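# Summary of the model geometry
Here is what each chain is made of, one letter per residue.
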Amino acid sequence: MKFLTTNFLTCSVKECDRSNNSFPLHYKGEACQLEQDEGIEFNPEFLLRVIDRVEWDAVVSVAKDLGNSTLPQQKPVFENEELSEEDMIVLRDLHVLLIQTNIVEGEMTCRNCGHIYYIKNSIPNLLLPPHLA
Amino acid sequence: MGKTYLLFMVQVHLNFRRAELESLADLFGVEVGNWDQYDENSPFLKVELANDEQARAWIRRSVLTRAIYEFWGEGECYSKLHENVQGNVSFDAYKLAYRNGSFKFEFDSFGGSSSGKLDRVACIESFRYLDFQGKIRLRNPDQVFTVIEEYEPINDNVAGEVPKRIFFGRLIQESDRLRGALEKYDLKKRPYKGTTSFEAELSLVSANIAQVQPGSIMYDPFAGTGSFLVAGGHFGAMVLGSDIDGRMIRGKGSQTIKANFKKYGESLQFLDVLTMDFTHNSLRKNLTLDTILCDPPYGIRESIKVLGARDPERFAGKENVEIDGQKAYLSRDYIPTKRPYSLDALLDDLLQFASERLPLNGRLAFWMPVANDENIQTVIPLHANLELKYNCVQEFNKWSRRLLVYVNRGPAYNGPTNAGHERSQTTFRDRYFSGFN
């Protein structure tokens, strides 16, 4: 599962819809095994569109769960249509984080209800037991 | 003022062809002047468009056409064609514009061929009045001029031998089909596929009618082996899939959905596949899904199931079962039970979900199977916020399937709805397994 996908996933349990704590899920750092997929090419235009969709607070929070506390608190902005060299450096870093970083095995927990979801072979499993469905 | 163009289409999937052309025109803001000339029985359509740019935008992604040309002339025979080309009001301007560039001639035909009887060199010579001074270049010429011969087939199996109409034009844009999309995505050459994989041609057409856009998010809630994800990725969307059956989306060894994207050189487009019950959805509510495109399960090759216990009494209290001091349902290897669900209910859920997650004017497109032989009217699911834009039928022997395409118009639309009603009298599965008798 790509790091980016952590920004799209909340708890499946219906009662957690109304809670502010169900997003993002909490990633148990020591149980998460990460992998870098360097085969995915860098495309700044594509990435800009991705960044538009991203909830930055959740990016910062999940990165911290996974042991990276170096992200800025504010979402980077790219004001000029012509991207500067610094912009490109930031975008490359975000490409590595959001697109190339893959959680191969891992555990994620809802901060509201405490339900645990697992990631196996890079695929998250969001199915629920009958009493929560 | 615009110009006249000649669109050369294919005579297959006619129920989808116009929907594809209209959807692409709408997507790229192409004003097509004369739809009234459109004829299902003909592969040719002469249209007025503003400029070449519009013609290119319109046809570049198209799957059910061959190419679009700047129209120079037509005739029932070559002498009439030459007369018509030279009588074209734009003839002098066209001649001047392409006088010095490099060029080549190409030949195409429909409904038959001259079987080698046409002397192509002599035919090209007969256009000498064009007075082109540029070099003939077979590779990467500045312009390609095309002669298209239309034959009347003698019958379904025998091609015609004498052309009934000949067109001449300057190539503006070859379609995605002519540029090899069908070969590229041919299922035979796909690393990971299964019994539910959807063929390349109609999956690409579906993505066109659904108006999948580059840089947008496309979601397939019944991803299976990822056929529609591949189609959406081809058109540049960031694609996300889910399926309640984890085995399907996982693949086997090196045969995975991810491997398919890698083979196509489109790894960037593939976001992820999730093991998830679409009706218990984990995608955060404020994430806009620009397009939803899918082929829901209809109980033949895959059963229709959602999370929950078929017999809730049997599962009462099971949430308290512990293994090694941990709740069993929280363990890594826990497999939740599933219960059967009806296709009607699933489609109601799908429409409701689409109305909540699509942006205004975003499209939901999905396939629905129908048994042909019943005298029962097929009821198409409807939602108050969704306009049913297209209902394209693909006929098989005893059944058919439809591509239903909806546009999200928002709460103000207030259209008819039939959610919650039992639409189907018998299930498609039962009809299928009784041989439609």
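Source: prediction; values computed, not measured.

### Some points on helix α8 (residues 227-234) of chain B
Residues and elements named next belong to chain B. For α8, a buried count of 8 out of 8 residues is recorded, marking the element as mostly surrounded by other parts of the structure. Within α8 the residues assigned to the buried category are Ser227, Phe228, Leu229, Val230, Ala231, Gly232, Gly233 and His234. Turning to α8, the residues buried within the fold contact α7 (200-209), β7 (217-220), β8 (238-243), α10 (257-263), β9 (270-275) and β10 (291-294). The first or second residue beyond α8 is Gly236, which carries a positive phi of 90°.

### Here we look at helix α2 (residues 52-59) of chain B
Three- or four-residue spacings in an α-helix give side chains the same orientation, since the helix completes a turn every 3.6 residues. All names here are of chain B. Listed as buried for α2 are Gln54, Ala55, Trp58 and Ile59. Each buried residue of α2 lies within a common arc of 115° when the element is viewed along its axis, so the set occupies one face. Close packing links the buried residues of α2 with β1 (3-9), α1 (14-27), β2 (44-49), β3 (65-75) and β6 (163-174).

### Overview of the domain arrangement of chain B
As a measure of interface size, the accessible area lost when the parts come together is often cited. All names here are of chain B. On domain assignment, one finds that chain B holds domain 1 (3-174) and domain 2 (181-433). For domain 1 versus domain 2, the separation of C-alpha centres amounts to 39 Å. Counting residues at the interface gives 12 residues for domain 1 and 14 residues for domain 2.

### Focus on the packing of α1(B) against α7(B)
All names here are of chain B. Two numbers describe how α1 lies on α7: the axes approach to 8 Å, and their chain directions differ by 40°. Comparing their axes, α7 and α1 come out oblique. Every pair of crossing elements has a handedness; the one defined by α1 and α7 is left-handed. Within the contact between the two elements, α1 uses Phe16, Ala19, Glu20, Ser23 and Leu24 and α7 uses Val205, Asn208 and Ile209.

### Overview of the pairing of β8(B)
Residues and elements named next belong to chain B. Among the 6 residues in β8, 6 count as buried, and that is most of the element. Covered by surrounding structure in β8 are Met238, Leu240 and Ser242 together with Val239, Gly241 and Asp243, the residues of both alternating faces. Here β7 runs beside β8; their pairing, made up of 4 bridges, is parallel. Residue pairing across strands places Asp220 opposite Gly241, the latter belonging to β8. Following the backbone out of β7, through α8 and into the adjacent parallel β8, one traces a crossover that is right-handed. Pairing analysis gives 5 bridges linking β8 to β9, with the strands arranged parallel. When the bridges of β9 are listed, Ser242 appears paired with Leu274.

### Here we look at the packing of helix α2 (residues 44-53) of chain A against helix α4 (residues 85-100) of chain A
Residue and element names in this part refer to chain A. At their nearest, the axes of α2 and α4 sit 10 Å apart, and the two run at 70° to each other. For the element pair α2 / α4, the angle class is roughly perpendicular. In contact with Pro44, Leu47, Val50 and Ile51 of α2, α4 contributes Met88, Leu91, Leu94, His95 and Leu98. Residue classes in the contact of α2 with α4 are distributed as 8 nonpolar, 1 polar and no charged.

### Quick word on the sheet that holds β2(B)
Residues and elements named next belong to chain B. Taken in spatial order, the 6 strands make up an open sheet running β2-β1-β3-β6-β5-β4, and their pairing is mixed. At either end of the open sheet lies a strand with only one pairing partner, and these are β2 and β4 (103-110). Neighbour to neighbour, the strand axes of the sheet diverge by 40° on average, direction disregarded. Note: β1 against β3, 5 bridges, orientation antiparallel.

### Notes on the interface of chain A and chain B
The interface is formed by 31 residues belonging to chain A together with 32 residues belonging to chain B. Elements with a minimum of two residues in the side of chain A that touches chain B: α1 (3-6), α2, β4 (116-120) and β5 (123-125) of chain A. Per-element accounting of the side of chain A that touches chain B gives the leading share, 4 residues, to α2(A). Residues of the side of chain A that touches chain B, tallied by class, amount to 19 nonpolar, 8 polar and 4 charged.

Conventions we followed
- Residues numbered from 1 in each chain as written.
- Chains lettered and ligands numbered in written order.
- Predicted model: local features only at pLDDT ≥ 70, side-chain atom pairs only at ≥ 80, totals over all residues.
- Buried ≥ 20, exposed ≤ 12 C-beta atoms within 10 Å, placed from the backbone.
- Helix = DSSP H or I, 4+ residues; strand = E, 2+ residues; numbered from the N terminus.
- Contact = placed C-beta atoms within 7 Å.
- Arc of directions from axis to C-beta.
- Domains from an automatic or database assignment.
- Axes fitted to C-alpha atoms, helices over the stretch in contact; angles between N-to-C directions.
- Parallel < 35°, antiparallel > 145°, perpendicular 65-115°, else oblique.
- Left-handed = near helix turned anticlockwise from the far one by under 90°.
- Pairing = 2+ DSSP bridges.
- Right-handed = clockwise from strand over helix to strand, strands pointing away.
- Nonpolar A, V, L, I, M, F, W, Y, C, P; charged D, E, K, R; others polar.

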